[in-house]
Amino acid sequence: MKYLNAKDILPALLVKELQGYIQGGYIYIPANENQHRRWGEVSGYRGELQLRNEKIVEAYNKGFSIEHLAEKYSLSVSGIRRIIYQK
């Protein structure tokens, strides 16, 4: 997450009001509910993981061992099991 300086984006009166509550700290402003995105949707990482997991399941169904897949994808054996059995 990129931090922004309040002075650069907010009106001076609002900055002065906020300084009455917090000075020199960080404040998180959540997105509106209708603009909220699930983790990884904006960056595309969620899709990458889904594709990787599908490949793992496909390889397992073709006969590759859980231990082999753990080594290949640098995941734990229990992590591979979770991926395989969640489907």
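Owing to the predicted nature of the structure, the values given are computational and were not obtained by experimental measurement.

Student: Before we move on, could you go through the environment of Ala70 and cite the residues and values that matter?
Tutor: With respect to the helices, strands and loops of the structure, Ala70 is situated in helix α4 (residues 66-73). Beyond its immediate sequence surroundings of up to four residues, Ala70 is in contact with Leu75, Ser76, Val77 and Ile80.

Student: Please give an account of the packing of helix α3 (residues 45-61) against helix α5 (residues 77-85) that cites residues and values.
Tutor: Running from amino to carboxyl end, α3 crosses α5 at an angle of 90 degrees, the nearest separation of the two axes being 9 Å. Classified by the angle their axes make, α3 and α5 are roughly perpendicular. Every residue of α5 that contacts α3 at Arg52, Asn53, Ile56, Val57 and Tyr60 is listed here: Ile80, Ile83, Ile84 and Tyr85. Taken together, the residues of the contact of α3 with α5 sort by class into seven nonpolar, one polar and one charged.

Student: Account for α5, naming residues and giving values.
Tutor: Considered for burial, the residues of α5 that qualify are Gly79, Ile80, Ile83 and Ile84. Projected down its long axis, α5 carries its buried residues within an arc of 135 degrees, all on one side. Opposite its buried face, α5 presents the exposed residues Arg82 and Tyr85, each directed more than 90 degrees away. Against the buried residues of α5 lie α3 and α4.

Parameters and conventions
Residues numbered from 1 in each chain as written. Predicted model: local features only at pLDDT ≥ 70, side-chain atom pairs only at ≥ 80, totals over all residues. Heavy atoms only, no water. Helix = DSSP H or I, 4+ residues; strand = E, 2+ residues; numbered from the N terminus. Contact = heavy atoms within 4.5 Å. Axes fitted to C-alpha atoms, helices over the stretch in contact; angles between N-to-C directions. Parallel < 35°, antiparallel > 145°, perpendicular 65-115°, else oblique. Nonpolar A, V, L, I, M, F, W, Y, C, P; charged D, E, K, R; others polar. Buried < 20%, exposed > 50% of the residue type's maximum accessible area, 1.4 Å probe, protein only. Arc of directions from axis to C-beta.

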